[in-house]
Amino acid sequence: MSDAVGPGDLVLCVNAAPNHVTGMPVPLVAGETYRVIEVMEFACPCRRSDALLDVGVGFAWCQTRFRLLPKPKAQAKTKRVSAPKETEEVR
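What comes next is a walk through the structure. Owing to the predicted nature of the structure, the values given are computational and were not obtained by experimental measurement.

Reading the values: rules and limits
- Residues numbered from 1 in each chain as written.
- Predicted model: local features only at pLDDT ≥ 70, side-chain atom pairs only at ≥ 80, totals over all residues.
- Heavy atoms only, no water.
- Pairing = 2+ DSSP bridges.
- Helix = DSSP H or I, 4+ residues; strand = E, 2+ residues; numbered from the N terminus.
- Axes fitted to C-alpha atoms, helices over the stretch in contact; angles between N-to-C directions.
- Core = buried A, V, L, I, M, F, W, Y, C linked by side-chain atoms within 4.5 Å.
- Buried < 20%, exposed > 50% of the residue type's maximum accessible area, 1.4 Å probe, protein only.
- Contact = heavy atoms within 4.5 Å.
- Phe/Tyr/Trp six-rings, centres within 6.5 Å; stacked < 30°, edge-to-face > 60°.
- Polar contact = N/O pair within 3.5 Å; in protein donor to acceptor, adjacent residues only side chain to side chain.

This part takes up the sheet that holds strand β6 (residues 66-68). A sheet is described by the order of its strands in space; here 3 strands give the open sequence β2-β1-β6, paired in antiparallel fashion. This sheet does not close on itself; its edge strands, each paired only once, are β2 (33-35) and β6. The mean angle between the axes of side-by-side strands here comes to 35 degrees, regardless of whether they run parallel or antiparallel. As defined by bridge partners, strand β1 (residues 10-13) adjoins β6 across 3 bridges and the pair is classed as antiparallel. Across the sheet, residue V11 finds its bridge partner in β6, namely L68.

This paragraph deals with the sheet that holds strand β3 (residues 38-41). The strand order across the open sheet formed by 3 strands is β3-β4-β5, and the pairing between neighbours is antiparallel. At either margin of the open sheet sits one strand with a lone partner, and together these are β3 and β5 (61-62). In the sheet, β3 pairs with strand β4 (residues 51-54) via 4 bridges, with the strands oriented antiparallel. Residue pairing across strands places E41 opposite A51, the latter belonging to β4.

Core analysis: the largest hydrophobic core is formed by 13 residues, its most contacted members being V11, L28, Y34, L53, V55 and F66. For this core, the secondary structure elements donating two or more residues are β1 and β4. Those residues in contact with V55 that lie beyond four places of it in its chain are V11, L28, Y34, R35, V36, I37, W61 and F66.

Before going further, it helps to examine the packing of aromatic side chains. Summed over the entire model, instances satisfying the criterion amount to 1 aromatic pair. When the centroid spacing of 6.3 Å and the interplanar angle of 80 degrees are considered together, the rings of Y34 and F66 count as edge-to-face. Of the two residues, Y34 is situated in strand β2 and F66 in strand β6; the sequence distance between them amounts to 32 residues. Across the pair, F66 and Y34 agree in class, each one buried.

By the element assignment, Q63 lies in the loop between β5 and β6. With relative accessibility at 6%, the residue Q63 sits in the buried group. A distance of 3.1 Å separates the side chain of Q63 from the side chain of D50, its partner in a polar contact.

Rendered as structure tokens:
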């Protein structure tokens with residue numbers, strides 16, 4: 001996943017279990033989205049990931065706690081429609 005995730009991407013927290021190294025509770029909330037600040041190449045002690053994600057909460061978290069959300073698609077903009085001008089006949 002670290003190849004696909006980059007700074008600025010949105011990720012969904014899917015695992016807010018206690019820290020798997022220290023056992024301390026984590027400040028992440030399952031179901032919340034976070035914006036990735038930095039991706040740090042680091043072999044996590046859980047041996048399931050090759051990177052840690054900094055999402056601005058705490059320090060950095062194992063990427064297995066997150067799922068990458070698709071990038072938002074361009075939103076349609078409303079365009080001005082030109083209406084025919086009304087003309088008044090002069091006699």
